[in-house]
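# Overview (structure and organization)
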Amino acid sequence: MEENIIKILDDLISRYPKLNIVKNNIWMSYKILEKSYLNGGKLLIAGNGGSAADSEHIVGELMKGFIKPRSLKEDLQEKLKNIDKNMGDVLAESLQGALPAISVTGHVGLSTAYLNDCNPLLSFAQQVNGFGKEGDVFLGISTSGNSENILYALVTAKAKGLITIGLSGRDGGKMREFCDEIIIVPEKETFKIQEFHLPIYHSLCLMLEERFF
């Protein structure tokens, strides 16, 4: 299995040779995520603008099948069918295995209430405080590494016992101080940084799917 996982990473580097300098950082980020999921943890993700869209994109790849069908375990299929035969058959055939992931950029009711009533820069941090538990992972995406709401969320995550990963560019900014692992892509312009972020997180999702499904 690990050979196939490493092959996914090697394929990423063959397609994007400039990412070779962060190959080990990508691998270490994968290992952090693998350990958390093995121990029943989940992934919380945040970003702004295009990085907010990336946060939601990552959730979509983890919470349902990416390139594999992810059939449910047989015991869960049987439980569904025992509760209601007709609906259970549909659920057993159609539901897919999931790796729990939450983008804290969403939840419009909660986030707008917090933005209106409290400090707008702490909306991500509030959700990390509410959702996060020791052993979970927080992934902060910031092309500059200096997005204040991401920094506040990272500090909150570390205080709560989460493992922190950063996805950035340029020099990694201040978020380097608060990340247990950080992937800093070798670009300086925002759109070019984001162009590297997508194949990196796609590969991480593929690696995790290979490991767990």
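Residues numbered from 1 in each chain as written. Predicted model: local features only at pLDDT ≥ 70, side-chain atom pairs only at ≥ 80, totals over all residues. Heavy atoms only, no water.

## Here's the deal with the nonpolar core
Proteins that are soluble and globular tend to have nonpolar side chains buried together. Put simply, the test is: Within this scheme, the nonpolar core is defined by two criteria: the residues are buried Ala, Val, Leu, Ile, Met, Phe, Trp, Tyr or Cys, and they are joined through side-chain atoms within 4.5 Å. For every residue, the accessible area obtained with a 1.4 Å probe (protein chains only) is divided by the maximum for its type, and the residue is called buried under 20%, exposed over 50%, and partly exposed between those limits. Secondary structure elements follow DSSP: runs of H or I of four or more residues count as helices, runs of E of two or more count as strands, with numbering from the N terminus. The criterion used for residue contact is that any of the two residues' heavy atoms lie within 4.5 Å.
By size, the foremost hydrophobic cluster in this structure holds 35 residues, and its most contacted members are Leu43, Ile58, Leu62 and Ile200. For this core, the elements supplying multiple residues, two or more each, are helix H1 (2–15), helix H2 (23–38), strand E1 (43–46), helix H3 (50–62), strand E3 (137–141), strand E4 (163–168) and helix H9 (190–212). Among the elements that line this core, the one with the most residues is H9, at eight residues. If we skip the residues at most four places from it in the chain, Leu62 touches Tyr37, Leu43, Arg70, Ala98, Leu99, Ala101, Cys205 and Leu208. Judged by nonpolar contacts, the second largest core, of 17 residues, contains Val128, Phe138, Cys179 and Ile182.

## Re the pairing of strand E5 (residues 181–184)
Our working definition: Only strands that DSSP links by at least two bridges are regarded as paired with each other.
Side-chain alternation along E5 places Glu181 and Ile183 on one buried face and Ile182 and Ile184 on a second face that is also buried. Across four bridges, the pairing between E4 and E5 is parallel. Note on E5: the bridge partner recorded for Ser168 is Ile184.

## Quick word on the sheet that holds E4
What counts here: The angle between two axes is taken between their N-to-C directions and runs from 0 to 180 degrees, where each axis is a line fitted to C-alpha atoms and a helix contributes only its stretch in contact.
Ordered by their spatial adjacency, five strands build an open sheet running E2-E1-E3-E4-E5, and the pairing between neighbours is parallel. For this open sheet the edge positions go to strand E2 (101–103) and E5, each flanked by a neighbour on one side alone. For this sheet, the mean angle separating the axes of adjacent strands, direction not counted, is 15°. With five bridges connecting them, E3 and E4 associate as parallel partners. The residue of E4 that forms the bridge with Phe138 is Thr164.

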